[in-house]
Amino acid sequence: MRRFVDLADLPREEIADLLRLASRLERVPEPGALRGKVLALLFFNPSLRTLASFQSGMARLGGATFVVSPGQGSWALETRDGVVMDGAAAEHVREAIPVLAGYGDALGIRSFAGGQDLAADLADRTFRAMDAVCPVPLINLESAINHPCQALGDWKTLDELPIAPGSRFVLSWANHPKPLPLAVPAAALHMAAARGHEVVVLRPDAYALPAVLMAKARSAAERAGGTVRETDDRRDALAGATVLYAKSWSSPRHYGDAAAESDLRAGLADWCVHESWFAGAEADCRLMHCLPVRRNVVVADEVLDGPRSVVIRQAHNRMWAQMAVLHRMLGRSA
Ligand code: CP
């Protein structure tokens, strides 16, 4: 495997292989599998889980990591092409990425959405430009429009619970003080569709996901025997649900317009997930969230601290899933 950038790039059998390997690595340690291998981690944005789980996962396989956070102890990096670099950035990714690639056997990059130009973010333009100059295997640690590591870990969590493919999976918009990227909702939507769920996207009208994301999910659902629809009716969406995946995201309608978005959110504080949301769901309906989560804004304490919540398990499964990716990318079978 040379690239782990979008779960949609992988055939179903390859995803199944990664999930089997992730479970095996969880049960049977392989502390020498990646001895002598080095993973370079380039984080343009903050992280708790992705940073720590890649470092821990690589160490558990006998390899090493180094981390570069541009502008924090290393040069600020420019990502745009054709700009006159007379601002804060001292170096361009066109040099920095090939340099880092010479120090590592694989590279992971986290580069969030710019949040101003919806078309550019939907096309993952910045990440794709860095991909084009990366000569070693590359892992997407969350780009403008994708988070495949989160999606693979979440798939593993659903398998383990187990949550049956075909059951109702609700991806719900949730309140948040700030407009957040579309990467996690896009990845969760596609993952649930590819797993064959009856996927319902629950959101206020102004937060309808871009058509291109819905179309991609619908075509994955068709192949897997699932369905995808959207609604703003909470009772309808949650009826018979087995999973509620909560996440906030920016309004595509007001993309890049923080003031309009802020006005919109002022009336949406009741989009904080409470226990009452689950009244019509299956009795053991689970609450998923990628974390970090703002308590009592996005999800209420009563849900996060209750038996529905699998958020810690999701975070732990990130590590096993990523170890499987690293194993296939850098191990002897690569
Ligand atoms: N879910 C996730 O990617 O967490 P971090 O932002 O902490 O890495």
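Here the residue numbers are simple positions, counted from 1 along each chain's written sequence. In keeping with the predicted nature of the model, local features appear solely for residues at pLDDT of at least 70, side-chain atom pairs appear and are counted solely at 80 or more, and the whole-chain, interface and lining totals rest on all residues. Working from all heavy atoms in the structure, the side-chain values ignore hydrogens and water.

Chemist: Help me out: how do you make sense of the overall build of the protein chain in this one?
Modeler: The secondary structure content of the protein chain amounts to 12 helices and 12 strands. Here the globule rule reads 2.2 Å times residues to the power 0.38, and the radius of gyration is calculated from C-alpha atoms. Its C-alpha atoms give the protein chain a radius of gyration of 20 Å, within 12% of the compact-globule value 20 Å for 334 residues. The classification of residues rests on relative accessible area computed with a 1.4 Å probe and restricted to protein chains. Under 20% of the type maximum is buried, over 50% is exposed, and intermediate values are partly exposed. The proportion of buried residues among the 334 residues of the protein chain is 54%. By definition in these notes, contact holds between two residues if any of their heavy atoms fall within 4.5 Å. A separation of at least 24 residues holds for 79% of the contacts in the protein chain among residues at least 6 apart in sequence. We score Asp and Glu as negative and Lys and Arg as positive, and we do not count His or the chain ends. Throughout, a charge is located at the NZ atom of Lys, the CZ atom of Arg, the CG atom of Asp or the CD atom of Glu. Positive and negative charge centroids in the protein chain, built from 37 and 38 side chains respectively, lie 5 Å apart. Numbering goes from the N terminus for both helices and strands, where a helix is a DSSP run of H or I of at least four residues and a strand is a run of E of at least two.

Chemist: Would you mind showing me how to read the environment of E261 here?
Modeler: Inspection of the secondary structure puts E261 in helix α10 (residues 258-266). The class for E261 is buried, based on a relative accessible area of 2%. Here the alpha-carbon distance between E261 and K178, two residues 83 residues apart in the chain, equals 8.5 Å. With near-sequence residues (within four places) excluded, E261 lies in contact with P179, Y207, W249, S250, S251 and H254.

Chemist: I'm lost on α10 in this one. Help?
Modeler: Residues lying three or four places apart along an α-helix face the same way, a consequence of the helix completing one turn every 3.6 residues. Inspection of α10 places A260, E261 and R265 among the buried residues, and these make up the whole buried set. The buried residues of α10 occupy an angular sector of 135° when the element is viewed end-on, so they sit on one face. Opposite the buried face of α10, at more than 90 degrees from it, the exposed residues are A259, D263 and A266. Tucked inside the fold, the buried residues of α10 contact β8 (168-173). The arc in question is the one spanned by the directions pointing from the helix axis to the C-beta atoms.

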